[in-house]
Amino acid sequence: MLVCWSCIKFIQESKSSLDREEKSASSSVDQEWGPEAVEAMCNEIRAFPVMSGNVESPWTMGDLIDHTPKDLISKVKLEEIIFDTWFGGRTVLIGDACHKLNPAGGVGCQNAMHDAIVLANWINALPSDPTTKDIESAFKSYKDERLPWVRFAFNSTRFYRTMASSGIMARVMRFCGKHMPEWAKRKMLVALGGNRPQCSFLPLVEDKGSVPPAFQPSLLATKPANM
Ligand SMILES: Cc1cc2nc3c(=O)[nH]c(=O)nc-3n(C[C@H](O)[C@H](O)[C@H](O)COP(=O)(O)OP(=O)(O)OC[C@H]3O[C@@H](n4cnc5c(N)ncnc54)[C@H](O)[C@@H]3O)c2cc1C
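Summarised in this report is the structure supplied together with it. (Residues numbered from 1 in each chain as written. Predicted model: local features only at pLDDT ≥ 70, side-chain atom pairs only at ≥ 80, totals over all residues. Heavy atoms only, no water.)

By volume, the second largest pocket is sized at about 240 Å³. Surrounding the second largest pocket, 18 residues form its lining, Arg196, Pro197, Pro213, Ala214 and Gln216 being those nearest its centre. Broken down by element, the lining of the second largest pocket gets its largest block of residues, three residues, from helix 6 (residues 132-163). Looking at the lining of the second largest pocket residue by residue, the class counts come to nine nonpolar, four polar and five charged. (1 Å grid on protein atoms, 1.4 Å probe; cavity = no way out; pocket = protein on both sides within 12 Å on 5 of 7 lines; lining within 4 Å. Points joined across faces, edges and corners; volume = space filled by probe spheres on them. Helix = DSSP H or I, 4+ residues; strand = E, 2+ residues; numbered from the N terminus. Nonpolar A, V, L, I, M, F, W, Y, C, P; charged D, E, K, R; others polar.)

In terms of nonpolar packing, the biggest core is built from 14 residues, with Trp86, Trp122 and Tyr142 touching the most fellow members. When contributions to this core are tallied by element, the ones reaching two or more residues are helix 5 (108-124) and helix 6. It is helix 6 that contributes the most residues to this core, six residues altogether. When sequence neighbours within four positions are dropped, the list of residues in contact with Tyr142 reads Trp86, Val92, Leu93, Ile94, Cys98, Asp115, Val118, Leu119 and Trp122. Counting eight residues, the second-largest nonpolar core is a separate cluster that includes Cys42, Met61, Leu64 and Ile65. (Core = buried A, V, L, I, M, F, W, Y, C linked by side-chain atoms within 4.5 Å. Buried < 20%, exposed > 50% of the residue type's maximum accessible area, 1.4 Å probe, protein only. Contact = heavy atoms within 4.5 Å.)

What follows covers the packing of aromatic side chains. Two numbers describe a pair of aromatic rings. These are the distance of the centres and the angle of the planes. Evaluation of the coordinates by the stated rule reveals three aromatic pairs. Ring plane angle 55° and centroid distance 5.6 Å describe the contact between Trp86 and Tyr142, whose orientation is recorded as tilted. Taken together, the residues Trp86 in the loop between strand 1 (81-82) and strand 2 (87-88) and Tyr142 in helix 6 connect sequence positions 56 residues apart. The pair Trp86 / Tyr142 is uniform in exposure class, with both members buried. Directly above the ring of Trp33 sits Lys75, whose terminal nitrogen or CZ lies 5.1 Å from the centroid. (Phe/Tyr/Trp six-rings, centres within 6.5 Å; stacked < 30°, edge-to-face > 60°. Lys NZ or Arg CZ within 6 Å of the ring centre and 35° of its normal.)

Moving on to the site of the ligand. All residues adjacent to the ligand are Val76, Leu78, Gly95, Asp96, Pro103, Gly106, Val107, Gly108, Cys109 and Ala112. Gly108 places a polar main-chain atom, nitrogen or oxygen, 3.2 Å from an oxygen atom of the ligand. In the model, an oxygen atom of the ligand is placed 2.9 Å from a nitrogen or oxygen of the Cys109 main chain. Protein contacts shield 34% of the accessible area of the ligand, which totals 990 Å² for the unbound molecule. When grouped by side-chain class, the residues that make up the shell around the ligand number six nonpolar, three polar and one charged. (Near = heavy atom within 4 Å. Polar contact = N/O pair within 3.5 Å; in protein donor to acceptor, adjacent residues only side chain to side chain. Areas by Shrake-Rupley, 256 points an atom, 1.4 Å probe, with all protein chains shown as cover.)

In short, shape yes, function no, at least from these values alone.
What follows is the structure, encoded as structure tokens:
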């Protein structure tokens, strides 16, 4: 059996910007993110209890850490941001490079893949000998199509991030989540489930779901005539 685990430490926004300044001033990134930093992080969280079903002697994070090969433990900085710039000239960004979503929502990979699909459709609709203006226009269409979905995902991951944290707000949100009526759960799922972009240049996947797919402009994008 393979167990994946993660531990998230929340830092204040002001501290986080201070960190950024310190980090850019520091020449040794290893100091903060290398093996010593990983060990310090592990030591800090060793005593945290984890759900193990072992009532007599409950497990702690220390048990998980001791059972994990050292080279598989790493420390990463979780940033939450949607960048303004997604493209410039012939260069374009997808996935985490243009929007970093908190992993609490579990939708970062999906959004990176949706970016790739939508971008591929717009690139596929370019004329055979595109100018930089054509290319930038395709990149803009890609961003316009994806941005509302990315914003939606960003806000929902912030919701789950708060829900997974500690404090009164988190407890209220967990309570509401647990007692949410079925219709409200369905409304949330419908809002999420409609976003399932397809590649316009591949055979389309038959739509079998009870939630119709959301309108996808890039699916209709075609090459200009005589190209
Ligand atoms: C702890 C954690 C848990 C997560 N859990 C989930 C989850 O449960 N579900 C989910 O959907 N998402 C999750 N995510 C988010 C998800 O991992 C990312 O959203 C996703 O991997 C983004 O894909 P990407 O291709 O944009 O970027 P990446 O996966 O980061 O890929 C970028 C690649 O580029 C390489 N690279 C960087 N610089 C260079 C360079 N100069 N030259 C060549 N290569 C380079 C990197 O090594 C990397 O392989 C999690 C993230 C973290 C940190």
